[in-house]
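# A structural walkthrough
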Amino acid sequence: MKTVNDFNFENKKALIRVDFNVPLNKELEVTDTTRIKAAKATIIKVLEDGGSCVLMSHLGRPNGKEDKFSLQHIVDDIESVVGVEVKFVSDCIGEKAMEAVSKMRPGELIVLENLRFYKEEKAGDKNFAEQLSKLGDIYVNDAFGTAHRAHASTSVIAQFFPENKCFGLLLASEIENIGKVLTHSEKPVTAIIGGAKVSSKITIIENILDKIDHLIIGGGMAFTFIKAQGGSIGNSLVEDDKQELALSILKQAKEKNVAVHLPVDAIVADDFSEEANTDIIAIDTIPDGWMGLDVGPKTNMLFSEVILQSKTILWNGPVGVFEMEKFSKGTISLGNAIAEATKNGTFSLVGGGDSVAAVKQFNLSDKVSYVSTGGGAMLEMLEGKTLPGIEAMLK
Ligand code: AMP
């Protein structure tokens, strides 16, 4: 696996696919620069070598050319994060782009207009990819967030750089850290899978069962397991058609010597709201009219104990409705236990939209080993899929 560190970019133009799909507010201002910051190391490496950077990205889901999705809106943020003047080009292919690139000097940085203004980007059009490929000497893929897409700029383009292509530092570290959980993990390995639905996590669970010693299940999805085992779950979230599947996971886990830890108690509420009346009761005795919205104190102790014994931890999905303060204690307790284990030398990887949001909200980002930047891409890697953006680079 080649990275930018295997190349000298002196007098070379690096064509870098970044993931600058950042959130914008109504005034079209960037509200979170995490993704820009994540690409900085790769950009700096190229510039310090004496090379120049041509950055290309998508932003949002435009339908053709729509000004509100222009990358122009994020140019100031790129300048302040990277600390280098940025030249914006109002197209990503064609004469304008070719001319701007041909005039570039070492140390300069160009940002191209939104790739998705052309439908050919998502269609993975080969001709479009070839036009893009003319804008650089070395192709660098640093867009982990879109590595699971077979788009023109993320995978099709790689064939036009038979030798001169490599991973950016962000993408390389994502692969390395996810690899620490999936292939080079120190035992005992614990996966914590939470969130709303069993159906969206089932492929991950099945893929990781061979690699883990403990499986902690929390969040809304736990209730499908509890009901399948004969428990009363009141009005808690449930996928009735997934009960068989839940039982089959428990059976597979047993055959593979994986200890499954389900919640034993729950914070129940009489309404899905911060104003609801609440109680703490055994997870399998929830009466009608009440729903479990967080795990209870006994469960927190049980989960913490397992976490503190683990040497490798994967966390995907909250164990309660953490967005509401009343139902956030379980997720906070879990996050704190992971932070403590990490302090004691455990490797911890957090990934997937909502657990990343939880880690940020509870200020735990610096207390876990690695927070993955790519929601869908990370989930697909955990599901055991080969990502097109990674595969194309290895050919
Ligand atoms: P996911 O995207 O599948 O990881 O699900 C995350 C969502 O699951 C969050 O928005 C949580 O509020 C929600 N969630 C977690 N626990 C529960 C629960 N017990 N009941 C309903 N929703 C939950």
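Keep in mind it's a predicted model, so treat the numbers as computed, not measured. (Residues numbered from 1 in each chain as written. Predicted model: local features only at pLDDT ≥ 70, side-chain atom pairs only at ≥ 80, totals over all residues. Heavy atoms only, no water.)

## Points about a negative patch on the surface
A grouping of Asp-271, Glu-274, Glu-275 and Glu-325 is seen on the molecular surface, where their side chains present a negatively charged patch. Summarising the element assignment, Asp-271 is placed in the loop between strand S11 (265–269) and strand S12 (278–282). Judged by relative accessible area, which is 39%, Asp-271 ranks as partly exposed. (Patch = residues over 30% accessible without salt bridge, like charges linked within 9 Å, V, L, I, M, F, W, Y side chains within 5 Å. Areas by Shrake-Rupley, 256 points an atom, 1.4 Å probe, with all protein chains shown as cover. Salt bridge = Lys/Arg side-chain N within 4 Å of Asp/Glu carboxyl O. Lys, Arg positive; Asp, Glu negative; His and termini not counted. Charge placed at Lys NZ, Arg CZ, Asp CG, Glu CD. Helix = DSSP H or I, 4+ residues; strand = E, 2+ residues; numbered from the N terminus. Buried < 20%, exposed > 50% of the residue type's maximum accessible area, 1.4 Å probe, protein only.)

## A few points about the sheet that holds strand S4 (residues 109–112)
The parallel open sheet is built from 6 strands, whose spatial order is S3-S4-S2-S1-S5-S6. This sheet does not close on itself; its edge strands, each paired only once, are strand S3 (86–89) and strand S6 (165–167). Pairs of neighbouring strands in the sheet enclose a mean axial angle of 25°, with direction left out of account. Of the pairings in the sheet, the one linking strand S2 (residues 52–56) to S4 comprises 3 bridges and is parallel in character. Counterpart to Cys-53 in the pairing with S4 is Leu-109. (Pairing = 2+ DSSP bridges. Axes fitted to C-alpha atoms, helices over the stretch in contact; angles between N-to-C directions.)

## Topic: the packing of helix H6 (residues 169–182) against helix H13 (residues 375–382)
At a closest axis distance of 11 Å, the pairing of H6 and H13 adopts a crossing angle of 35°. With respect to the hand of their crossing, H6 and H13 are arranged in right-handed fashion. Together, Ile-175, Ile-178 and Leu-182 of H6 and Met-378, Met-381 and Leu-382 of H13 make up the contact between the two elements. Considering only residue class, the contact of H6 with H13 consists of 6 nonpolar, no polar and no charged. (Left-handed = near helix turned anticlockwise from the far one by under 90°. Contact = heavy atoms within 4.5 Å. Nonpolar A, V, L, I, M, F, W, Y, C, P; charged D, E, K, R; others polar.)

## Some points on the site of the ligand
Taken together, 14 residues lie around the ligand, and Ala-196, Lys-201, Gly-292, Glu-323 and Asp-354 are the ones closest in. One of the backbone nitrogen or oxygen atoms of Ala-196 is found 3.0 Å away from an oxygen atom of the ligand. Between Glu-323 and the ligand, the recorded distance is 2.5 Å, taken from a side-chain N or O atom to an oxygen atom. About the coverage of the ligand: the protein hides 80% of its 510 Å² of free accessible area. A class-by-class count of the residues in the shell around the ligand yields 6 nonpolar, 5 polar and 3 charged. (Near = heavy atom within 4 Å. Polar contact = N/O pair within 3.5 Å; in protein donor to acceptor, adjacent residues only side chain to side chain.)

## Some remarks on the pairing of S11
Successive residues of a regular strand alternate their side chains across the two faces of the sheet. Here S11 lies mainly inside the structure; 5 of its 5 residues are buried. Judged by which residues are buried, S11 turns out to be covered on both faces: Asp-265, Ile-267 and Ala-269 on one side and Ala-266 and Val-268 on the other are all buried. For S11 and strand S14 (residues 291–295), the ladder comprises 4 bridges, and the chain directions are antiparallel. Among the inter-strand pairings, Val-268 is bridged to a residue of S14, identified as Gly-292.

## Some points on the domain arrangement of the chain
In terms of domains, the chain is made up of domain 1 (4–170) and domain 2 (185–382). The gap between the C-alpha centroids of domain 1 and domain 2 is 37 Å. The interface is formed by 8 residues belonging to domain 1 together with 10 residues belonging to domain 2. A combined buried area of about 690 Å² lies between domain 1 and domain 2, and 60% of that area is made up of carbon and sulfur atoms. One salt bridge connects Lys-360 with Asp-32, and the closest N-O pair in it is separated by 3.4 Å. Joining domain 1 to domain 2, the criterion identifies 1 residue pair in polar contact (both at pLDDT 80 or more). (Domains from an automatic or database assignment. Buried area = accessible area lost by both parts, 1.4 Å probe.)

## Section: the side chain of Gln-243
Within the secondary structure, Gln-243 sits in helix H9 (residues 243–255). Setting aside anything within four residues of it in sequence, one finds Gln-243 in contact with Thr-224, Lys-227 and Ala-228.

## Focus on the sheet that holds S14
Within the open sheet, the 3 strands sit side by side as S12-S11-S14. Their pairing is antiparallel. Unpaired on one side and paired on the other, S12 and S14 mark the two borders of the sheet. For this sheet, the mean inter-axis angle between neighbouring strands, taken without regard to orientation, is 40°. For S11 and S12, the ladder comprises 5 bridges, and the chain directions are antiparallel. In the strand pairing of S12, Val-268 is matched with Asp-279.

## A word on the nonpolar core
Generally speaking, nonpolar side chains in soluble globular proteins are found buried as a group. Leu-112, Phe-144, Leu-215 and Phe-225 are the most contacted members of the largest nonpolar core, which has 74 residues in total. The element contributing the most residues to this core is H6, with 7 residues. Both domains that meet at this core, namely domain 1 (4–170) and domain 2 (185–382), each give it at least three residues. When neighbours within four sequence positions are excluded, Phe-225 is seen to be in contact with Val-198, Ile-217, Ala-246, Ile-249, Leu-250 and Leu-262. By size, the runner-up hydrophobic cluster in this structure holds 30 residues, among which are Val-18, Val-22, Leu-47 and Phe-88. (Core = buried A, V, L, I, M, F, W, Y, C linked by side-chain atoms within 4.5 Å.)

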